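So you can see what is in the structure, the chains are spelled out below.
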Amino acid sequence: ILEMNAANLDRLMLALRTERAYMDSIAAVKRAAKTPEQYGQCMMQVYTTSPALQAVNDSVQILVERQDMNGVARMGERQQAIIRTSCGISADDVQKLEQEAGRERNKRAKEAAGFQGYEYAYLKERLTPFCAIAATVAPGEVRIPGDGRGIFWVYSPVEAEQLKARCGELTAAVNAVS
């Protein structure tokens, strides 16, 4: 269990900023993506006007005649790369990105701050109950009733002091990723 000291709170803040930055980058990609109709029109434009795509298509024909399915697959990847360069990402790509974003943002946040296992979640989880009552906390150990009988969130005097001083910025950062 990580102590909520200055060093770990700095790491928590780094992780939260990293998570927010990733969320912002995903939002920018989604805003830039074309509608399915726009993407289809762009693809048709590229198929009919791109010399690079025409060269790939010619290669595909030769590879099909040779029954080189590995080569056909590689050319298919090239086709997609040419289209993506001209048209951006497809609606399907956006959907895949959204499906992976939850895990990926948490993974990036943990890696940036050097958290292992559930350390990142643990710190975020302990922050909320304390900061909800931080203005009323006296110096010393703090025990906040949790859910259930005899369950408490317990904070050492050092943790209480460090958290109380930083609740505003940390709560804002947690809210920004929630």
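Predicted, not measured: the structure shown is a model, and the values here were computed from it. Along every chain, residues carry numbers that run from 1 in the direction the sequence is written. Predicted model: local features are reported for residues with pLDDT of at least 70 only, side-chain atom pairs are reported and counted for 80 or more only, and whole-chain, interface and lining totals are derived from all residues. With hydrogens and water set aside, each side-chain value is computed from the structure's full complement of heavy atoms.

Some remarks on the environment of T171
In step 1: The residue T171 is located in helix α7 (residues 157-177) in this model.
In step 2: On the basis of relative accessibility, which here comes to 28%, the residue T171 falls in the partly exposed class.
In step 3: Between the C-alpha atom of T171 and that of C131, which follows or precedes it by 40 residues, the distance is 7.2 Å.
In step 4: Residue contacts for T171: discarding those within four places in its chain leaves L127 and C131. In this description a helix means any DSSP run of H or I spanning at least four residues, a strand means any run of E spanning at least two, and both kinds are numbered starting from the N terminus. With a 1.4 Å probe rolled over the protein chains alone, any residue whose accessible area is under 20% of its type maximum counts as buried; one over 50% counts as exposed, and the rest are partly exposed. Here, two residues are considered to be in contact whenever any of their heavy atoms come within 4.5 Å of each other.

Points about the packing of aromatic side chains
In step 1: Each Phe, Tyr or Trp ring, with Trp reduced to its six-membered ring, pairs with another whose centre is within 6.5 Å; inter-plane angles below 30 degrees give stacked pairs, above 60 give edge-to-face pairs, and intermediate values give tilted ones. Taken as a whole, this structure holds 2 aromatic pairs when the rule is applied.
In step 2: Between F115 and Y120 the ring centres are 5.8 Å apart and the planes differ by 15°, which places this aromatic pair in the stacked class. When sorted by exposure, F115 lands in the same class as Y120, which is buried.

Some points on the pattern of salt bridges
In step 1: The salt bridge definition used is simple: a Lys or Arg side-chain nitrogen within 4 Å of an Asp or Glu carboxyl oxygen. Summed over all chains, the structure comprises 9 salt bridges.
In step 2: The salt bridge partner of D10 is R166, with a shortest N-O separation of 2.7 Å. Placement of D10 in helix α1 (residues 6-32) and of R166 in helix α7 is noted, with a sequence separation of 156 residues between them.
In step 3: Look at R166 and you get buried, because its relative accessible area is 14%.
In step 4: R20 is the partner of D24 in a salt bridge, and the nearest nitrogen-oxygen pair spans 2.7 Å. A residue pair is termed a helical-turn pair when its members lie 3 or 4 positions apart in one helix, as D24 and R20 do in helix α1 at 4 residues.
In step 5: You can call D24 partly exposed: its relative accessible area is 38%.
In step 6: Taking relative accessible area as the criterion, R20 reaches 29% and is therefore assigned partly exposed.
In step 7: Put simply, D10, R166 and E169 are held in one network by salt bridges that share partners.

What about the packing of α1 against α7?
In step 1: The convention used is that axes are lines fitted to C-alpha atoms, helices contributing only their stretch in contact, and that angles between N-to-C directions extend from 0 to 180 degrees. It is at 9 Å that the axes of α1 and α7 come closest, and there the two elements cross at 15°. By the angle between their axes, α1 is roughly parallel relative to α7. Relative to α7, α1 is oriented so that their crossing is left-handed. Of α7, the residues touching α1 (which contributes A6, L9, D10, L12, M13, L16, R17, E19, R20 and M23) are Q162, L163, R166, E169, L170, A173, V174, A176 and V177.
In step 2: Taken together, the residues of the contact of α1 with α7 break down into 12 nonpolar, 1 polar and 6 charged. Angle categories are assigned with fixed cut-offs, so that under 35 degrees is roughly parallel, over 145 is roughly antiparallel, 65 to 115 is roughly perpendicular, and the rest are oblique. Note on convention: near helix rotated counterclockwise from far helix by under a right angle means a left-handed crossing. Clockwise means right-handed. Gly is put with the polar residues, along with every residue not named as nonpolar or charged; the nonpolar set is Ala, Val, Leu, Ile, Met, Phe, Trp, Tyr, Cys and Pro, and the charged set is Asp, Glu, Lys and Arg.

Side note on the state of the cysteines
In step 1: To count as a disulfide, a pair of cysteine sulfur atoms needs to be within 2.5 Å. Inspection of the entire model under this criterion finds 2 disulfides.
In step 2: Between the sulfur atoms of C42 and its disulfide mate C87 the distance is 2.0 Å. Across the S-S bond linking C42 and C87, the dihedral sits near -90°, which makes this disulfide left-handed. Highlighted residues: C42 in helix α2 (residues 36-49) and C87 in helix α4 (residues 69-87), separated in sequence by 45 residues. Grouping residues by exposure puts C42 and C87 together as buried.
In step 3: A sulfur-sulfur separation of 2.1 Å characterises the disulfide bridge that pairs C131 with C167. Its torsion about the S-S bond being -85°, the disulfide of C131 and C167 is classed as left-handed. Highlighted residues: C131 in helix α6 (residues 119-133) and C167 in helix α7, separated in sequence by 36 residues.

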